[in-house]
Structure formats: C-alpha cells, structure tokens
Amino acid sequence: MVGLNFAQQRYEADFRFSMMRMRENAESIAFYSGEEQESKVFKGRFRILLDNFWKIIQKQKQLVWINSAYSQIAIIFPFVVTIPRYLSKQITLGGLMQVATAFGRVQESLSYFVDMYAQIASWQAVVTRLTGFGLHMQTVTAEKPQINLNRTVGTTPEIDMNDMEVDLPNGGPIVQKLNIKLEPGTNVIIKGASGSGKSTLLRSLAGIWPYVKGGLTMPALNKVMFIPQKPYLPLGTLRDSVLYPGTKTKTDEELITLMNLCHIGYLSKYLNEEADWSHVFSVGEQQRLAFVRALIYEPEWLFMDESTSALDEATEAAVYAVVEEQLKNTTIVSVGHRSTLNKFHQLELFLDKEAKTGTLLARA
C-alpha cells in the first residue's frame, strides 16, 4: 500500500501538471488542431492513474477482510478458551464475562497498528515523497559550491567579464573566454546565430544561470533591470502588473502618461480591473507594458532579451526612442536580430556559435 499510495500521488501530480500545461498552451494547441492528440495524452495519463487507484482499492479490500476477521475472532476467542472451565464449574458466568471483558481491553490496546495500518501506509507514502524532495534539494544545494564564478556586485558602475565561460548543464561550453568590459552610456546589441548563447549570457549576468566560470563584476542589483522576451504579468489589477515587483508607486495620471508614451494608453481603462493579463493581452501588448515598467523603475542598466520581437518595426523604433529620451542615464544591452535595432546601439557583441567566442565590435 505504501508503494501504491506513493505512485498515486505522483500520477495525480503528473495529471494535474498536464492539465495546467495544456491550459497555458491552449491557443497553440488550437492553431495546430492538436485536440485529438492532447485527448490521447490525457486519457493515457488518466488510465495509468485509474489503474493504480483500482490496485489501491484491491489492497484496501484485502485489508478490510483481514481487519474484520481479526476483530470477529477477537470477540469469540476468550469465550472459546474459557468455556471449558465454565462448563466444569471452575468459574462462574460472572467470571467468564470478566475474562472476556479483560481480554477485550487488552486486545483493543494492542490493536492500534492493525486498526491504523491504512492511515500509516498513506502517511508513509507522503513522508517518502517529501523525503525525496528534500534529498533532491540537498543535492542541488551541494552542487552550488562547484560553480566556479567569482561574482562581484555593486563595486563599480561598469560590467566586466574576466575569462568568463558559460556552459551547458552537461559541462559543454556555450561561450568561452569572454574578456569584455561594458561601459555606462554605451549601448550594446548582442547578436549571433540561434543557439549561440545570447539569452543564456543574459541569464548568467542576472545570476540565474549557474553553469558559469571565471570572473564577473556587476553594478548594484537595484540599478539593473532585465526584460525577457515574454514579460511576466502577475495576477491582480493591471496597476499591480505594471508596477511589478511593487517597490515603486505611481499615480494613475503618471501611469497613463507613461502608457501613452509606450503606445499602450488605450489599456489604461483596465488599471483597476483584476484578470489573468497574460491571457488577455497579446505578446506585443505585454512587451510594451514591460517598457512602461522600465520607465517607472529607471534602471541604470537595461537588459532586453528580444523584448520587441512581437512589435512592428515602427512601434519598436518608437519605444526605443522613448527609452533613450526618458532614461538618459540608462545603458541599454539588447539581444536582437533585426537590423533596425542597430541605430540605437553603439557597440555589437557578436557570439560565434562554432568558435564559441564573443567579440565586441564598434558599429559603423
């Protein structure tokens, strides 16, 4: 029962995760007309869950039979043992009942494990699963000291990469021997073939990619802001989403002004409404809301990972121009493929996928 209960929790978790994943990607599934395939996947996972549930029922039925037999035998056992002495008049009827009562009390006290076996088995399955989670977390924690990155934060205004190497989880290199210094006031665009490590390099600078070696000097974290390709919009009002993570506040008038600058002012009517905005707005609208955040928090370094990929070229140029005009003390580091971004950057960091190197070039 312990093994079956453990497996049931895993199968139920897998099934819930599949449903949540399908919900998050419902639009893509609909475009591909993949409903039939998704139905097969769900039915397959539910069949596994249901088969294991029936096995649990079978074991519980066996346990009920055993417990019922045990309980019934315990009732008649003292009478079977003492009836010969009663018939031979060695004990009275009162003595017989006293023996049966005493036996019942002792049997009840010693039957805790039998009565609680099902609950104990379920508890053991939960403990085993949580223990597995704990051991996995300990393994991840133990791996952290193996990361050979000398990361210094807040000592200088520039970004300095000294013999920095970005690797894959299996140890294979993505980019090797990066010796690059990015100075404040000089915008940089990162280019390279798909898979050359552009986004992974930004993750390394943000401190969320652990497979990095060498040295890295970064400005203070409160002076740096990263905008991913698909911005995160939390549940709540649109105002909460725009002000995320909530360390600054703005009046409605100020928010409307900034939204107008980013060509998203028509959404200001939703500022006080609550919704799952990531499913309400298009990716392009979400990306423009991310630029509103940048204008609110005014970082000294703004890293953008293809943050205008869903915008048309005219809107892209407009929001970049707004950032340059409104955030004069902000240095922009962009990942992008479009040539229209070149005019907003003075330097280009080219990542060579084959040679696994990075070269900083001045733009003409």
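From a predicted model like this one, the values you see are computed outputs, not experimental measurements. (Residues numbered from 1 in each chain as written. Predicted model: local features only at pLDDT ≥ 70, side-chain atom pairs only at ≥ 80, totals over all residues. Heavy atoms only, no water.)

1. Focus: the packing of aromatic side chains
Counted under the stated rule, the structure contains 12 aromatic pairs. Aromatic side chains Y232 and Y244 sit 5.3 Å apart centroid to centroid with 65° between the ring planes, which places their arrangement in the edge-to-face category. Here Y232 is found in the loop between strand 6 (224-227) and strand 7 (236-237), whereas its partner Y244 is found in the loop between helix 8 (238-242) and helix 9 (252-261), with 12 residues between them in sequence. The class for Y244 is partly exposed, based on a relative accessible area of 36%. (Phe/Tyr/Trp six-rings, centres within 6.5 Å; stacked < 30°, edge-to-face > 60°. Helix = DSSP H or I, 4+ residues; strand = E, 2+ residues; numbered from the N terminus. Buried < 20%, exposed > 50% of the residue type's maximum accessible area, 1.4 Å probe, protein only.)

2. Brief notes about the environment of A118
Within the element layout of this structure, A118 appears in helix 6 (residues 117-143). By relative accessible area, which is 27% here, A118 ends up partly exposed. Put simply, A118 and A362 are 244 residues apart on the chain and 71 Å apart in space, counted from C-alpha to C-alpha. Not counting the four nearest positions on each side in its chain, A118 is found in contact with M1 and L63. (Contact = heavy atoms within 4.5 Å.)

3. Quick notes on unusual backbone geometry
That bond from Y244 to P245 is cis: its omega, 10°, falls within 30 degrees of zero. Looking at the element boundaries, P245 is found in the loop between helix 8 and helix 9. Phi at S33 takes a positive value of approximately 55°, unusual for a residue other than glycine. Mapped onto the secondary structure, S33 falls in the loop between helix 2 (26-32) and helix 3 (35-87). A residue is classified by how much of its surface remains accessible, and S33, at 56% relative accessible area, is exposed. Even without glycine at this site, K89 takes up a positive phi of about 60°. Relative to the assigned elements, K89 resides in the loop between helix 3 and helix 4 (93-109). A relative accessible area of 75% places K89 in the exposed class.

4. As for empty space enclosed by the protein
All told, the structure shown has 1 cavity of 30 Å³ or more when counted by the stated rule. In this structure, the largest cavity spans a volume of roughly 30 Å³. Lining the largest cavity are M161, L182, V188, I190, L201, L205, V333 and L349. Counting residues per element, the ones that place at least two in the lining of the largest cavity are strand 4 (188-192) and helix 7 (198-206). For the lining of the largest cavity, a count of residues per class yields 8 nonpolar, no polar and no charged. (1 Å grid on protein atoms, 1.4 Å probe; cavity = no way out; pocket = protein on both sides within 12 Å on 5 of 7 lines; lining within 4 Å. Points joined across faces, edges and corners; volume = space filled by probe spheres on them. Nonpolar A, V, L, I, M, F, W, Y, C, P; charged D, E, K, R; others polar.)

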